[in-house]
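Coordinate analysis (summary)
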Amino acid sequence: SFCASNCQGFPPFPRFHSSAMPAAISVRPDGVGVITMNSPPVNSLGTELVTSFKQEFPKLVQDPQVKAIVVTGQGAMFCGGAEITEFAVMVAMGPEKMKENNPVAALSEMMDMIDASPKTTVAALNGPALGGGAEVSLACHYRVASDKASVGFPEVNLGLLPGAQGTQRLPRVAPLPTAMQMILQGKPLKADAARKNGIVDAVAKKDVIEEAAEWALSHPPAPISKREVPKTNRFMASAGGLEAGLNTAVNAAPLMIAPRAIIKCFEAACSHKSFREGLQVEMEQFTNLVFSVESAALRHLFLSERLAQKVPGIDEKPMPLKKIGILGAGLMGGGIAMCFIQKGVPVVLKDAKQEWLDGGVKKIESLWGGQAKKGRLSKEKFQQYMSMLKPTLDYADFKDVDMVIEAVPEIMDLKKEVFLDIEKNTKPDCLICTNTSGLNIDDIAAVLKDPSRVMGTHFFSPANVMQLLENVRTAKSSVKTLATGMAMGKLINKKCVMVGNCDGFVGNRMIAPYAGEAKMLWEEGGTVEQIDKAATAFGMAMGPMALGDLVGQELFWKQRKAAGDMNKQTKTYFGPYELTDWLCELGRFGMKTPDPSIKANGRGIFIHRGRDKTVDPEVVAKLDEVRKAKGVTPRPVSDEEIVERLFYPLINEGFKILEEGFVARSSDIDLAYIYGYGFPPSKGGPMFFAENYVGFQKILERLKVYDAQAKERYTKNSAYLPIDYFVPSKLLEACAAKQGTKVFPGQTLIDVVLKDFRKSHDGAGPFSKL
């Protein structure tokens, strides 16, 4: 608001501005005009804020009472950057329409306006300045940051580059290696590091707006656009520095396309091109990226995370979680305990035997101790963490916890027994959650008086590292229970997806045909190396054969043994079994079973020595035996066939889960696969990949071909078990029939078709009618 003493001589524009405006202006008694970006929650640069800013900023420039200008943000953020949802609208316009009406151009005009101010303009960084927010700060003549501020360019993570002059401004103030780390790798800098690198001019010791105002009054205008790129940056660019930076970025994420475009912008900045010519290069490269399928995939992933928190039917307030109980101090239980303690929530950790409990506590202590030794954790924090962990052998110590997460071995009778013990020793409203990955949670919950307090919380191992959490909705879970489970996932920074209680939930159910086909392709003539290489070339973090050795070959062997049926197949495991069963009978489960006789620290399909692995020659010889016994003549298998047979049935299973109603939407499946199973982010997840990379019709056509081949194999050769994962999903067929239909920006065709599909089809899952 304006002070009465400042009211003389103002031009005829409105003098008082509502603080609710997206860009609100006021004038301080010292003559410094302040423009505040106010667009909660992160002051993102949506059309409304940009339009408002462009209307209000000139008023400060034109006002003779205003001597200098400070730009700041409302709340805890300076500015979180562009409004991501507007990119979908931009893409829907198409490249030609965008040339006529470029939404990014409005943002660039805002930067020019700030830069060209005849009055000294200082950014008061009250909090993080990210992406377009960092570009706003660089459009200002100077930057004064609070100690809570940071500066970053995360656009590369969305398959984009800073499109509002950032690639041309940053190399004019920062050393090139720093600029490359920030824009090529998306690494932010805290305030002090930003000051040391020339990006921020001062770090405020008191109020940031006060210090920014003092700076503005005591320094002349100094637009970055008029500055030369430092000679050291030009020299480094011409001496191969940019190529080295690109190689680092490409090695870290081989399928990303943005790093190459970013380098072209840096080349323009560090050449003899003018600032304006550099901006033309930036806009060309930005436009290419924004229309790329890779960027669409990464933006889809970003928005999917927001959407996953909005679970249909979950509209109650969650219960507060002040203390957590965890049953089972093994690798999983210990990892879950660490997640809560790191967020300030005390944990009671229980196990049945003292040595098991001691082993679990020792493992937790060694993990945090290792971080402390490397300087990633202070000694005080380490001691604080350990003080929040209460190990116990007594269920009575669960008396005041708000949630118990059970992480005991996958034995149904054991799970039921511990659930009854937990019920006897907890408050009536304490939630009882199971970390089972395969057992029917409704069956476990049935032993309780109140099964509404039960849900599944399927963490991935190691839980303190892996980001995915599948929260499982049972038949009787209350809305309060489910709301609390989702809030819990958010509290401990997990990528949290709500799924229904079906065999294998979402992730493990979909990975089963992928793993089964890997073994089938191997028997038919593909090599272990070829199959794994085809998967990693596709972008997977590791191939299916290496994954089998990592997880353990014995997992489903033990389950089939316990069931007394070695030919058993479920939604979570399929044959052929002969070779992996032979490995298990020999005790060769993979990375967890060393073989000192050959100096191997793990032995399964591969012989593992340190970080190296080679296919075990005994495995190759055994495969020949298996093929002969089954009457199989090996044939050459193409990489294309491998990719289709690994991924198309996995995608098909995703469609079946959707049509049955065991997950709310296709993007939840994508989220699970990116964060839990190493699916390449630039492909957007299995369902996005199906819709935007391959097309439903092609997947449907190839599934029919492979289904016919599979039927011929298992009907003519009794050594093979029947499989149905190539039988096309009805929802996939419905999507193929609608292929090419236009949908609104931000929608997927799968979800549009799914909405109609669910009206006419009854599914067994909880989302089928929500």
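So, a few notes on the structure that sits alongside this text.

Reading the values: rules and limits
Residues numbered from 1 in each chain as written. Predicted model: local features only at pLDDT ≥ 70, side-chain atom pairs only at ≥ 80, totals over all residues. Heavy atoms only, no water. Helix = DSSP H or I, 4+ residues; strand = E, 2+ residues; numbered from the N terminus. Rg over C-alpha atoms; globule rule 2.2 N^0.38 Å. Areas by Shrake-Rupley, 256 points an atom, 1.4 Å probe, with all protein chains shown as cover. Pairing = 2+ DSSP bridges. Buried < 20%, exposed > 50% of the residue type's maximum accessible area, 1.4 Å probe, protein only. Contact = heavy atoms within 4.5 Å. Patch = residues over 30% accessible without salt bridge, like charges linked within 9 Å, V, L, I, M, F, W, Y side chains within 5 Å. Salt bridge = Lys/Arg side-chain N within 4 Å of Asp/Glu carboxyl O. Right-handed = clockwise from strand over helix to strand, strands pointing away. Axes fitted to C-alpha atoms, helices over the stretch in contact; angles between N-to-C directions. Parallel < 35°, antiparallel > 145°, perpendicular 65-115°, else oblique. Nonpolar A, V, L, I, M, F, W, Y, C, P; charged D, E, K, R; others polar.

**Quick word on the overall build of the protein**
- Within the protein one finds 31 helices and 20 strands.
- Since a compact globule built from 770 residues should have a radius of gyration of about 27 Å, the 29 Å found for the protein is in line with a globular shape.
- Taken along the three principal axes of its C-alpha coordinates, the protein extends 95 × 60 × 60 Å.
- Total accessible area on the protein stands at roughly 32500 Å², and carbon and sulfur atoms take up 55% of it.

**Topic: the sheet that holds strand β18 (residues 602–603)**
- Taken in spatial order, the three strands of this open sheet run β18-β19-β20, and their pairing is antiparallel. Bordering the open sheet on either side are β18 and β20 (612–615), each of which pairs with just one other strand.

**Quick notes on unusual backbone geometry**
- With an omega dihedral of -10 degrees, the bond running from S461 to P462 counts as a cis peptide bond.
- On the secondary structure map, P462 appears in the loop between β15 (454–459) and β16 (468–473).
- Residues G575 and P576 are joined by a peptide bond in cis, for which omega reads 0 degrees.
- With respect to the helices, strands and loops of the structure, P576 is situated in the loop between α23 (555–563) and α24 (578–585).
- Although it is not a glycine, N493 adopts a positive phi angle of roughly 65 degrees.
- On the secondary structure map, N493 appears in the loop between α19 (479–491) and β17 (495–500).
- We note that F505 has phi near 55 degrees; this positive angle belongs to a residue other than glycine.
- If you trace the backbone, F505 turns up in the loop between β17 and α20 (507–524).

**A look at helix α6 (residues 176–184)**
- Counting buried residues along α6, seven of its nine residues qualify, which places the element largely inside the surrounding structure.
- Within the span of α6, buried status applies to L176, T178, A179, M180, M182, I183 and L184.
- For α6, the elements touching its buried residues are β7 (150–152), α5 (166–173), β8 (189–190), α9 (231–238), α10 (241–252) and α11 (258–270).
- Just downstream of α6 lies G186, where phi reads positive at about 70 degrees.

**Notes on the side chain of H141**
- Summarising the element assignment, H141 is placed in the loop between α4 (132–139) and β6 (142–145).
- Relative accessible area serves as the criterion here: at 0%, H141 is assigned to the buried category.

**Regarding a nonpolar patch on the surface**
- Together, L550, V551, L555 and M591 give the surface a local cluster of nonpolar side chains, amounting to about 330 Å² of exposed area.
- Counting through the fold element by element, V551 comes out in helix α22 (residues 544–551).

**Concerning the pairing of strand β11 (residues 347–350)**
- Here β11 shows two buried faces, one formed by V347 and L349 and the other by V348 and K350.
- For strand β10 (residues 324–327) and β11, the ladder comprises four bridges, and the chain directions are parallel. Bridge pairing links I324 to V347 in β11.
- Between the parallel elements β10 and β11, the chain passes through helix α14 (residues 331–341) in a crossover that is right-handed.
- In the sheet, β11 pairs with strand β12 (residues 389–392) via four bridges, with the strands oriented parallel. Along β12, the bridge assignment pairs V348 with K390.

**Focus: the environment of K683**
- Within the element layout of this structure, K683 appears in the loop between α27 (666–676) and α28 (686–694).
- Residue class for K683 comes out buried when judged on its relative accessible area of 13%.
- Along the chain, K683 and E294 lie 389 residues apart, while their C-alpha atoms are 6.4 Å from each other.
- Dropping the residues within four chain positions of it, K683 is found in contact with L255, A297, F538, F688, F689 and Y693.

**Structural notes on the packing of helix α26 (residues 639–660) against helix α30 (residues 730–737)**
- Put simply, α26 and α30 touch, their axes get as near as 7 Å, and they point 100 degrees apart. Relative to α30, the element α26 is oriented roughly perpendicular. In contact with N652, F655, L658 and E659 of α26, α30 contributes K730, L731, L732 and C735.
- For the contact of α26 with α30, the residue count by class is five nonpolar, one polar and two charged.

**Observations regarding the sheet that holds strand β13 (residues 403–406)**
- Spatially, β12-β11-β10-β13-β14-β15-β16-β17 is the arrangement adopted by the eight strands of the open sheet, whose pairing is mixed. If you trace the sheet from one side to the other, it starts and ends with β12 and β17, each paired once. Neighbour to neighbour, the strand axes of the sheet diverge by 25 degrees on average, direction disregarded.
- Bridging between β16 and β17 involves six bridges; their strand directions are parallel. Counted as the bridge partner of E470 is V497 from β17.
- Against the sheet, α27 engages β16 and β17, with an angle of about 125 degrees to β17.

**Some remarks on the environment of V32**
- Topologically, V32 is positioned in strand β2 (residues 32–37).
- It is 46 Å that separates the C-alpha atoms of V32 and A372, two residues lying 340 residues apart in sequence.
- Excluding its chain neighbours within four sequence positions, the residues that come into contact with V32 are S26, V27, A68, I69, V70, A213 and L217.

**Topic: the pattern of salt bridges**
- Within the structure shown, the criterion is met by 46 salt bridges.
- With a closest N to O distance of 2.9 Å, R509 and E653 form a salt bridge. Pair noted here: R509 is in helix α20 and E653 is in helix α26, with a separation of 144 residues, a long-range link.
- Look at R509 and you get buried, because its relative accessible area is 2%.
- Between E644 and K698 there is a salt bridge; the shortest N-O distance is 3.8 Å. Here E644 is found in helix α26, whereas its partner K698 is found in helix α29 (residues 696–716), with 54 residues between them in sequence.
- Note on K698: relative accessible area 34%, which makes it partly exposed.
- Several salt bridges converge on common partners, so that one network encompasses E517, E524, R635, E641, R645 and R713.

Geometric values such as these leave the question of function open.
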